[in-house]
Amino acid sequence: MESSDLARQFVRHRDMLYGYVFALTRDHGLAEDLLQDVGVSILTEAARGTVPGEFVKWARGLARHRVADYFRRVETRRRHELPFEEFADAVDLAFGEHAPSPEDDQERLQFLRECLGALTARVRSIIDLKYRDRRSIEEIAASLSWTAGSVKVALSRARRTLADCVGRRLRREEAAR
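Below: a short report on this structure. (Residues numbered from 1 in each chain as written. Predicted model: local features only at pLDDT ≥ 70, side-chain atom pairs only at ≥ 80, totals over all residues. Heavy atoms only, no water.)

## Brief notes about the state of the cysteines
Right, so step 1: Tallied over the entire structure, the rule returns one disulfide.
Right, so step 2: Note that Cys-115 is cross-linked by a disulfide to Cys-165, the S-S spacing being 2.0 Å. Judged by the sign of its S-S torsion, about -80 degrees, the cystine formed by Cys-115 and Cys-165 is left-handed. With Cys-115 in helix α6 (residues 102–118) and Cys-165 in helix α9 (residues 148–176), this residue pair connects regions lying 50 residues apart in the sequence. As far as the burial class goes, Cys-115 and Cys-165 line up, both buried. (Disulfide = S-S within 2.5 Å. Helix = DSSP H or I, 4+ residues; strand = E, 2+ residues; numbered from the N terminus. Buried < 20%, exposed > 50% of the residue type's maximum accessible area, 1.4 Å probe, protein only.)

## Description of helix α8 (residues 137–144)
Right, so step 1: Taken residue by residue, α8 has Ile-137, Ile-140 and Ala-141 as its buried positions. Along the axis of α8, the buried residues cluster in a sector spanning 100 degrees; they form a single face. Exposed residues on α8 whose side chains face more than 90 degrees from its buried face are Glu-138 and Ala-142.
Right, so step 2: Note on α8: the residue one or two positions beyond its end, Ser-145, has a positive phi of about 60 degrees. (Arc of directions from axis to C-beta.)

## What to know about the packing of aromatic side chains
Right, so step 1: The final tally for this structure, using the stated rule, is three aromatic pairs.
Right, so step 2: Pairing Tyr-18 with Phe-22 gives two aromatic rings, centres 6.3 Å apart and planes at 10 degrees, and the pair type is stacked. In this pair, Tyr-18 and Phe-22 both sit in helix α2 (residues 14–25), four residues apart, roughly one turn of the helix. Comparing Tyr-18 with Phe-22 shows no difference in burial state: the two are buried.
Right, so step 3: Ring geometry for Phe-55 against Trp-58: centres 5.9 Å apart, planes inclined by 55 degrees, an arrangement best described as tilted. Within this pair, Phe-55 and its partner Trp-58 are both found in helix α4 (residues 55–74), separated by three residues, close to a single helical turn. Like Trp-58, Phe-55 is buried. (Phe/Tyr/Trp six-rings, centres within 6.5 Å; stacked < 30°, edge-to-face > 60°.)

## A short note on the packing of α8 against α9
Right, so step 1: Contact geometry for α8 and α9: axes closest at 8 Å, N-to-C directions at 105 degrees. As far as their axial angle goes, α9 and α8 are roughly perpendicular. Of the residues in α9, those touching α8 at Ile-137, Ile-140 and Ala-141 are Ala-148, Val-151, Lys-152 and Leu-155.
Right, so step 2: Tallied by class, residues from the contact of α8 with α9 come to six nonpolar, no polar and one charged. (Axes fitted to C-alpha atoms, helices over the stretch in contact; angles between N-to-C directions. Parallel < 35°, antiparallel > 145°, perpendicular 65-115°, else oblique. Contact = heavy atoms within 4.5 Å. Nonpolar A, V, L, I, M, F, W, Y, C, P; charged D, E, K, R; others polar.)

## Comments concerning the environment of Glu-107
Right, so step 1: Looking at where Glu-107 falls in the secondary structure, it is placed in helix α6.
Right, so step 2: Classification of Glu-107 by relative accessible area gives buried; the value is 17%.
Right, so step 3: Taking the C-alpha atoms as reference points, Glu-107 and Arg-169, separated by 62 residues in sequence, lie 9.7 Å from one another.

## As for the nonpolar core
Right, so step 1: If you look at the biggest cluster of nonpolar residues, it comprises 26 residues, and the most contacted ones within it are Phe-10, Val-21, Ile-42 and Phe-55.
Right, so step 2: At the level of secondary structure, the elements contributing two or more residues to this core comprise α1 (3–12), α2, α3 (28–47) and α4.
Right, so step 3: When residues in this core are grouped by element, the largest group, nine residues, is from α4.
Right, so step 4: Leaving out residues up to four positions away in the same chain, Ile-42 has contacts with Leu-6, Phe-10, Phe-55, Trp-58, Ala-59 and Leu-62. (Core = buried A, V, L, I, M, F, W, Y, C linked by side-chain atoms within 4.5 Å.)

## Concerning the packing of α3 against α4
Right, so step 1: Closest axis-to-axis distance for the α3/α4 pair is 9 Å, and the angle between their directions is 125 degrees. The pairing of α3 with α4 is recorded here as oblique in orientation. Pair α3 / α4 crosses with right-handed handedness. Note on element contacts: α4 touches α3 through Phe-55, Trp-58, Ala-59, Leu-62, Ala-63, Arg-66, Val-67 and Tyr-70, opposite Leu-30, Leu-34, Asp-37, Val-38, Ser-41, Ile-42 and Glu-45.
Right, so step 2: Grouping the constituent residues of the contact of α3 with α4 by class yields eleven nonpolar, one polar and three charged. (Left-handed = near helix turned anticlockwise from the far one by under 90°.)

In structure tokens form, the structure reads like this:
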């Protein structure tokens, strides 16, 4: 596999790899930084002539090592109920068993966009503040003159509404196939 082929594979599976790194770190900024390191590692391995048997599994392994190296280097391990290696094994298992294809990801993303469009303007603005602008619950509450608890409830309801909407569309699409 040429380095350009590995680069294309990385781009194709970027969202899944980001989700995997985020599942291990629970920090969007850190996940993005580490994902860039994974991309560099993939290109470095390609330059060395590495030919992975199964790209996704291989790339997840690289990502796992980058996350573990980060936690060792900065000594800021998050407190998980499981030690990091066992926690990472559990995340690997989940991603391995339920790995949607990039096409499935695109379909879900399209359904999510459509479902977001069906929400009220107020609910969309709360979602934007939380996920696009990355504002804290307290910041959102202050900007809306709400309590933090009210914001949490509104976000919880919005997430449930979106999950139900996307789920219905996926089931409808699957039934139509």
